[in-house]
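# What the coordinates show
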Amino acid sequence: RKLRGARACVLRSDADLWPPGVPCIPLTPEQRARLSKIAAYARGKINDCRADIVEVRAKLADRREGSEGKAALQRFIGELQRESDEVSRAWRERVSRLCAGWTSPHAEK
């Protein structure tokens, strides 16, 4: 059932829609749906990077100190972390641009 014209509010589940460090604001159902799609993509990419980092760190434990393989794995961890950071940054920017176009729910009477 669609709630057209529903007033904006904050739901407990809204916390998952926002990039880390970005505070929740009241959302309409339509706004919530848009953020949900963006968050699903970004969180998926970030979670993939984190899972890969855990896997590579486990492989690092099997390598000798100073070996070329260990250095390559450490570089790969850095690349994965940078990718995760870039996705987070892009997510924050996209949400910021999207929210800037929304009228403030506090302005409604």
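What this report covers is the structure whose coordinates are included nearby.

Reading the values: rules and limits
All chains use their own residue numbering, which begins from 1 and follows the written sequence. The predicted origin of the model limits local features to residues at a pLDDT of at least 70 and limits the giving and counting of side-chain atom pairs to 80 or more, whereas totals for whole chains, interfaces and linings rest on all residues. Side-chain measures here rest on the full set of heavy atoms in the structure, leaving out hydrogens and waters. In this description, a line fitted to the C-alpha atoms serves as the axis of each element, helices being fitted only across the stretch in contact, and the angle between N-to-C directions of two axes falls anywhere from 0 to 180 degrees. Under the scheme used here, helices are H or I runs from DSSP no shorter than 4 residues and strands are E runs no shorter than 2 residues, and both carry numbers assigned from the N terminus. Orientation labels follow simple angle bins: below 35 degrees gives roughly parallel, above 145 gives roughly antiparallel, 65 to 115 gives roughly perpendicular, and whatever is left gives oblique. Left-handed is the label given to a crossing in which the near helix is rotated counterclockwise from the far helix by less than a right angle, and right-handed is the label when the rotation is clockwise. Any residue that is not Ala, Val, Leu, Ile, Met, Phe, Trp, Tyr, Cys, Pro, Asp, Glu, Lys or Arg is counted as polar, Gly included; the first ten are nonpolar and the last four charged. A helix is expected to reach a length of 1.5 Å times the quantity of its residues less one. In this scheme, a residue with accessible area under 20% of its type's maximum is buried, one over 50% is exposed, and one in between is partly exposed, where area comes from a 1.4 Å probe on protein chains only. By definition in these notes, contact holds between two residues if any of their heavy atoms fall within 4.5 Å.

It is at 9 Å that the axes of helix H1 (residues 29-60) and helix H2 (residues 68-100) come closest, and there the two elements cross at 170 degrees. Comparing the axis directions of H1 and H2 gives the class roughly antiparallel. Viewed along their axes, H1 and H2 form a crossing whose handedness is left-handed. When the residues that make up the contact of H1 with H2 are grouped by side-chain class, the tally is 17 nonpolar, four polar and nine charged.

Another point: H1. Under the 1.5 Å per step criterion, the end-to-end length of H1 is 45 Å for 32 residues, consistent within 8% with the ideal 46 Å. Residues of H1 that are buried include every one of Gln31, Arg32, Leu35, Ile38, Ala39, Ala42, Ile46, Cys49, Ile53, Val56 and Leu60, and no others. Residues of H1 that are buried in the fold lie against H2.

This brings us to the side chain of Lys70. Along the chain, Lys70 turns up in helix H2. Classification of Lys70 as buried rests on a relative accessible area of 13%. In contact with Lys70, other than residues within four places in its own chain, are Leu60, Arg63, Arg64 and Glu65.

Let us look at H2. Each turn of an α-helix holds 3.6 residues, which means side chains three or four residues apart point in the same direction. Helix length check: H2 (33 residues) gives 48 Å between terminal C-alpha atoms against 48 Å at 1.5 Å per residue, within 8%. Of the residues making up H2, those classed as buried are Lys70, Leu73, Ile77, Leu80, Ser84, Val87, Ser88, Trp91, Val95, Leu98 and Cys99. Where H2 is buried, its residues meet H1.

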